[in-house]
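Descriptive analysis of the structure
Below, each chain spelled out in residue letters.
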Amino acid sequence: MSLAIDAIRKISPWKESWTIEAKILTIWEDATIVNQNVQKLLHMVLMDKQHHKIQATIEDDLISTFIDRLKEGEVFIISDFKVIPNLGLVRVTRHRFRILFKCSTSVVAASSTVIPNPGLSVTSMDQILQKCIDYEYLIDFIGVLCGLKKRRDVECNGKILKVLTLEVFADGKKISCNFVGDSPALLEMNTLKRYKRPPVVILQSFKIKVNGDKVSLQNVINISRVLINPDMQETVNFLNQYGIGSHHFSRLCSNEVGDLVCVRDDESFDWKLIRTIDNLKANNEDGQYFVVGKIKEIVEDPEWWFFSCVCGHPIVGDDNVFYCQLCSREIQHFMISYRIKILVEDGTSCGMFVLLDSPATKLLGRTCSDVFLLLEDEIDDVSSDSAFSPIFEDFSRYGQLRCYENQVISGVRIELHSIKEILVDILCAKMYSSASRNVNSQLTPAAPDNPWPFMLCLSLSLSPKFSFP
């Protein structure tokens with residue numbers, strides 16, 4: 001006879017006997033004052049197959065009874081527990097009630113049950129910024145870590161606390177996040193600077209704080225967690241959004257005061273760095289430059305895409321095992337990214353540029369994963385030579401050019417090749433109206449018979465070990 005399992009969303013005090021099958025998402029210790037004595041508590045967040053969550057608590061005298069049986073990420077069948085109201089200034093779940101273990105509570109491992117969902121309940125940037133008062137529920141948030149201020153001492157209730165401030169970008173906006181206490185090793189500055197682009201950060205169980213008209217996020221000691229470039233489907237879904245995929249983010253670097261910062265979109269444009277392609281061929285200077293030119297041709301190449309880790313680094317695979325050398329880990333989730341070659345001319349010469357994911361996403365108006373979905377029904381093997389051609393034979397079927405008045409089209413790091421073997425790193429592909437009187441204010445075809453010679457400005461970095469022919 002199979003055991004009757006109750007849904008977590010139905011748990012209430014109106015029934016005495018409950019049995020749930022749930023995954024332990026997180027475990028943490030806490031303490032409270034009872035009759036002037038400090039009492040330890042062990043807390044958990046449980047989630048069932050329907051992805052409903054509830055908090056469970058074990059009091060001091062029972063912790064030793066259960067602690068060795070409980071493990072994060074595993075699924076258990078739990079029965080015979082007490083149900084109490086979910087009260088307090090800070091609540092980890094939105095369930096009206098929470099579970100309190102008793103000495104008779106049964107905890108049995110459900111080894112045959114798998115609940116792969118990580119249990120994130122992501123709150124959008126707009127939902128956060130709409131709050132007018134401190135929010136009593138803890139939230140999960142995902143964004144791009146685009147700034148990190150070094151630790152500073154802050155006095156609170158007579159105590160000196162270490163505070164680390166993160167700047168996180170999502171949905172076209174930034175928000176500050178204060179991390180109080182000992183920060184995880186993942187937030188060490190040298191660790192973050194190794195990534196080619198700012199990492200994706202997931203803030204788990206954070207508090208929304210409102211101070212006047214300023215809204216920010218703050219961790220709760222022992223409860224909140226920070227995940228950097230986590231190997232999760234949620235990370236891939238976030239990066240595959242056009243609103244994020246089309247933004248240029250430079251890698252994190254230290255500024256003059258020692259904080260980590262990154263440059264986003266056209267913030268890096270410098271008129272003094274404009275060069276012609278002929279200038280670049282004649283000089284092997286190391287640095288960042290801008291080139292105003294026209295797309296002459298899209299080079300047909302079967303290797304117009306590649307697999308990458310969520311950190312942006314290409315992955316290697318063998319026997320269905322995929323590995324990211326930058327992250328030093330095996331990965332289960334990966335990205336499909338553009339690597340499109342274009343010929344660009346500027347009146348002085350011509351060069352071959354390789355547009356990586358961000359500029360190509362902006363140019364096509366679609367992420368690489370979106371294009372693959374469109375091709376899926378038409379092409380049996382997207383890795384074959386024929387997989388490249390349909391995208392450019394009829395561009396209107398797969399993307400639309402976007403008009404920007406006095407704006408620039410930006411992207412992440414691009415690579416530039418000469419006709420033979422030159423490789424140049426390009427930071428962003430941009431089109432603007434005022435760089436030259438001959439440049440149109442919108443991205444429009446220069447000739448009706450060729451839809452690709454668009455005016456644009458390219459920002460690139462040259463390495464001295466390469467030279468133009």
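These figures come from a predicted structure and were not determined experimentally. (Residues numbered from 1 in each chain as written. Predicted model: local features only at pLDDT ≥ 70, side-chain atom pairs only at ≥ 80, totals over all residues. Heavy atoms only, no water.)

This paragraph deals with the overall build of the chain. When helices and strands are tallied, the chain shows nine helices and 26 strands. Taking all 469 residues of the chain together, the buried fraction comes to 50%. Residue pairs at least 24 apart in sequence account for 65% of intrachain contacts in the chain once pairs closer than 6 positions are excluded. Total accessible area on the chain is roughly 23,500 Å²; 47% of this is exposed by carbon and sulfur atoms. (Helix = DSSP H or I, 4+ residues; strand = E, 2+ residues; numbered from the N terminus. Buried < 20%, exposed > 50% of the residue type's maximum accessible area, 1.4 Å probe, protein only. Contact = heavy atoms within 4.5 Å. Areas by Shrake-Rupley, 256 points an atom, 1.4 Å probe, with all protein chains shown as cover.)

Within this structure, the stated rule accounts for eleven aromatic pairs. Judged by centre distance (5.6 Å) and plane angle (70°), the ring pair of Tyr 135 and Tyr 137 falls under edge-to-face. Overall, the relative accessible area of 16% leaves Tyr 137 in the buried class. Ring centres of Phe 179 and Phe 206 lie 6.4 Å apart, and the angle between their planes is 50°; this geometry places the pair in the tilted category. Remark: Phe 206 occurs in strand β11 (residues 200–211) and Phe 179 occurs in strand β10 (residues 173–180); sequence separation between them is 27 residues. Phe 206 shares its class with Phe 179; the two are buried. Linked through ring pairs, Trp 304, Trp 305, Phe 307, Phe 322, Phe 334, Tyr 338 and Phe 372 together constitute an aromatic cluster. When the ring centre of Trp 18 is taken as origin, the NZ or CZ atom of Lys 15, which lies over that ring, is 4.5 Å away. (Phe/Tyr/Trp six-rings, centres within 6.5 Å; stacked < 30°, edge-to-face > 60°. Lys NZ or Arg CZ within 6 Å of the ring centre and 35° of its normal.)

A word on the side chain of Asn 229. Take Asn 229: it is sitting in the loop between β13 (225–228) and α4 (233–239). Not counting the four nearest positions on each side in its chain, Asn 229 is found in contact with Tyr 195, Pro 199, Val 200, Val 310, Cys 311 and Arg 329.

Mapped onto the secondary structure, Ser 106 falls in strand β7 (residues 106–109). When residues no more than four places from it in sequence are discounted, the contact partners of Ser 106 are Ile 77, Ile 78 and Ser 79.

Relative to the elements of secondary structure, Glu 167 occurs in strand β9 (residues 159–170). As a buried residue without a salt bridge, Glu 167 has its nearest oppositely charged side chain in Lys 149, at a separation of 4.7 Å. Leave out the neighbours within four places in its chain, and Glu 167 touches Val 144, Leu 145, Cys 146, Gly 147, Lys 174, Ile 175 and Ser 176. (Lys, Arg positive; Asp, Glu negative; His and termini not counted. Salt bridge = Lys/Arg side-chain N within 4 Å of Asp/Glu carboxyl O.)

It is worth spelling out the confidence of the model for the chain at this point. When pLDDT is averaged along the chain, the result is 78, and 77% of the positions lie at 70 or above. Contacts from residues 381–454, a stretch scored under 50 in pLDDT, to residues over four places away or in other chains number 224 contacts. Of the regions scoring below 50 in pLDDT, residues 463–469 engages in 19 contacts with residues more than four places distant in sequence or in other chains. (pLDDT = per-residue confidence, 0-100.)

What follows covers the pairing of strand β21 (residues 335–338). Side chains Met 335 and Ser 337 of β21 all project onto a buried face; the interleaved residues Ile 336 and Tyr 338 project onto the opposite face, where all are buried too. Inspection of the sheet shows strand β17 (residues 305–308) paired to β21 by four bridges, in the antiparallel sense. Looking at β21, one finds that Phe 306 is bridged to Ser 337. (Pairing = 2+ DSSP bridges.)

One pass over the structure, following the stated rule, counts zero disulfides. Unpaired in this structure, Cys 262 has its nearest cysteine sulfur neighbour in Cys 146, at a distance of 5.0 Å. (Disulfide = S-S within 2.5 Å.)

In spatial order, the strands read β18-β19-β20; together these three strands make up an open sheet with antiparallel pairing. Each edge of the open sheet carries a strand with a single partner, namely β18 (316–318) and β20 (329–331). Going across the sheet, the axis of each strand differs from the next one's by a mean of 40°, ignoring polarity. Here β18 pairs with strand β19 (residues 321–324) via three bridges, running antiparallel. Its bridge partner lying in β19, Gly 317 is registered against Phe 322. (Axes fitted to C-alpha atoms, helices over the stretch in contact; angles between N-to-C directions.)

Attention now moves to the pattern of salt bridges. Under the counting rule described, the total for this entry stands at ten salt bridges. One salt bridge in this structure joins Glu 188 and Arg 151, with 3.5 Å as the shortest N-O distance. With Glu 188 in the loop between β10 and α3 (189–193) and Arg 151 in strand β8 (residues 139–156), the pair connects residues that are 37 residues apart, well separated along the chain.

Within the secondary structure layout, Ile 8 lies in the segment before β1 (19–34). Take Ile 8: its relative accessible area is 0%, and that puts it in the buried class. Ile 8 sits 46 residues away from Ile 54 along the chain, and the two C-alpha atoms are 6.9 Å apart. With residues near it in sequence (within four places) discarded, Ile 8 still touches Ile 20, Ala 22, Leu 46, Met 47, Asp 48, His 52, Lys 53, Ile 54 and His 95.

Its identity is not glycine, yet Asp 80 carries a phi of approximately 60°, on the positive side. Locating Asp 80 in the fold gives a position in the loop between β4 (75–79) and β5 (82–85). Positive phi values are uncommon outside glycine, yet Ser 205 reaches one of about 60°. The topology assignment puts Ser 205 in strand β11.

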